[in-house]
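Remarks on the overall topology
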Amino acid sequence: MRPIHIFLLLSAVALLVGLYKIFEKAGEKGWKAFVPVYNFVVWLRILQKPWWWIFLILIPTVGFYMLAIMIVLT
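The structure reproduced in this document is the subject of the present report.

1. Here we look at the overall build of the protein chain
- Looking only at helices and strands, the protein chain features four helices and zero strands.
- Sequence-ordered secondary structure for the protein chain, helices as α and strands as β, is α-α-α-α.
- The long-range fraction of contacts in the protein chain, counting pairs at least 24 apart against all pairs at least 6 apart in sequence, stands at 22%.
- Carbon and sulfur atoms make up 74% of the accessible area of the protein chain, which amounts to about 5400 Å² in all.

2. Quick look at a nonpolar patch on the surface
- On the surface, a cluster of nonpolar side chains totalling about 610 Å² of accessible area is made up of M1, I6, L9, L10, V13 and V17.
- Take V17: its relative accessible area is 44%, and that puts it in the partly exposed class.

3. Looking at the environment of V42
- Looking at the element boundaries, V42 is found in helix 2 (residues 38-47).
- Classification of V42 as buried rests on a relative accessible area of 0%.
- The residues touching V42, leaving out its near neighbours within four places in the chain, are F23, E28 and K32.

4. Some details on the packing of aromatic side chains
- One pass over the full model with this rule turns up four aromatic pairs.
- Centre to centre, the rings of W51 and F55 are 5.9 Å apart; their planes meet at 75°, and the pair counts as edge-to-face.
- With 5.5 Å between their ring centres and 80° between their planes, F64 and Y65 make a pair best called edge-to-face.
- Accessibility expressed as a relative area gives 58% for F64, which makes it exposed.

Rules used in this analysis
Residues numbered from 1 in each chain as written. Predicted model: local features only at pLDDT ≥ 70, side-chain atom pairs only at ≥ 80, totals over all residues. Heavy atoms only, no water. Helix = DSSP H or I, 4+ residues; strand = E, 2+ residues; numbered from the N terminus. Contact = heavy atoms within 4.5 Å. Areas by Shrake-Rupley, 256 points an atom, 1.4 Å probe, with all protein chains shown as cover. Patch = residues over 30% accessible without salt bridge, like charges linked within 9 Å, V, L, I, M, F, W, Y side chains within 5 Å. Salt bridge = Lys/Arg side-chain N within 4 Å of Asp/Glu carboxyl O. Buried < 20%, exposed > 50% of the residue type's maximum accessible area, 1.4 Å probe, protein only. Phe/Tyr/Trp six-rings, centres within 6.5 Å; stacked < 30°, edge-to-face > 60°.

Printed below as a string of structure tokens:
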């Protein structure tokens, strides 16, 4: 396994663990952090942002910036 793959895997695990803790603190069930796409819907609800932002997350370049914005807002 190449070092970049290890870095990406660790980053994904860190994001999921972080979302798990955020969801628990916000009163949501932690398992929702591990469900693909639904975790972003719940995260947007916690941030009190419109549901249609999920479509922006799915756009390749825009999605990177949207995730950064969501992380900062959390």
